[in-house]
Amino acid sequence: MPAVTFTWWGNRSFTFREHASTGARAMLHEWVRFVTTNSFGALINLAVYELLIHLTATSPLLALACGVLAGMAFNFTLSKKFVFRL
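First, a word on what this report is: a plain description of the structure on this page. (Residues numbered from 1 in each chain as written. Predicted model: local features only at pLDDT ≥ 70, side-chain atom pairs only at ≥ 80, totals over all residues. Heavy atoms only, no water.)

**Focus on the side chain of Ser-79**
- With respect to the helices and strands, the residue Ser-79 is situated in helix α3 (residues 60-83).
- With sequence-adjacent residues up to four places away left out, Ser-79 is seen in contact with Phe-16, Phe-34, Thr-37, Asn-38, Phe-84 and Arg-85. (Helix = DSSP H or I, 4+ residues; strand = E, 2+ residues; numbered from the N terminus. Contact = heavy atoms within 4.5 Å.)

**Overview of a nonpolar patch on the surface**
- Taken together, the side chains of Phe-6, Trp-9 and Phe-14 present a nonpolar region at the surface, about 390 Å² in accessible area.
- Looking at the secondary structure, you find Phe-6 in helix α1 (residues 2-15).
- The exposure class assigned to Phe-6 is exposed, which follows from its relative accessible area of 56%. (Patch = residues over 30% accessible without salt bridge, like charges linked within 9 Å, V, L, I, M, F, W, Y side chains within 5 Å. Areas by Shrake-Rupley, 256 points an atom, 1.4 Å probe, with all protein chains shown as cover. Salt bridge = Lys/Arg side-chain N within 4 Å of Asp/Glu carboxyl O. Buried < 20%, exposed > 50% of the residue type's maximum accessible area, 1.4 Å probe, protein only.)

**Considerations on the environment of Leu-51**
- Topologically, Leu-51 is positioned in helix α2 (residues 24-55).
- Spatially, the C-alpha atom of Leu-51 lies 8.4 Å from that of Ala-63, the residues being 12 residues apart in sequence.

That's the geometry; what it means functionally is another story.
What follows is the structure, given as structure tokens:
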């Protein structure tokens, strides 16, 4: 949980600063939305990795990089639409 909380803090402090919630209750709801949406990104990351490893002859490092990039793009998009509401 510390890693996702640190990532949430970084996103609200730098990436989406203008749209970060204020007040303890609003920040808690924002954090819950962030954890929920980024859990889907983690599943996308794992799915891409597993598909590349098991369905192709992709090296583990390349599969890992592709999974990370897919998860990162998914997390950014969901955070923009549902967490920080740009």
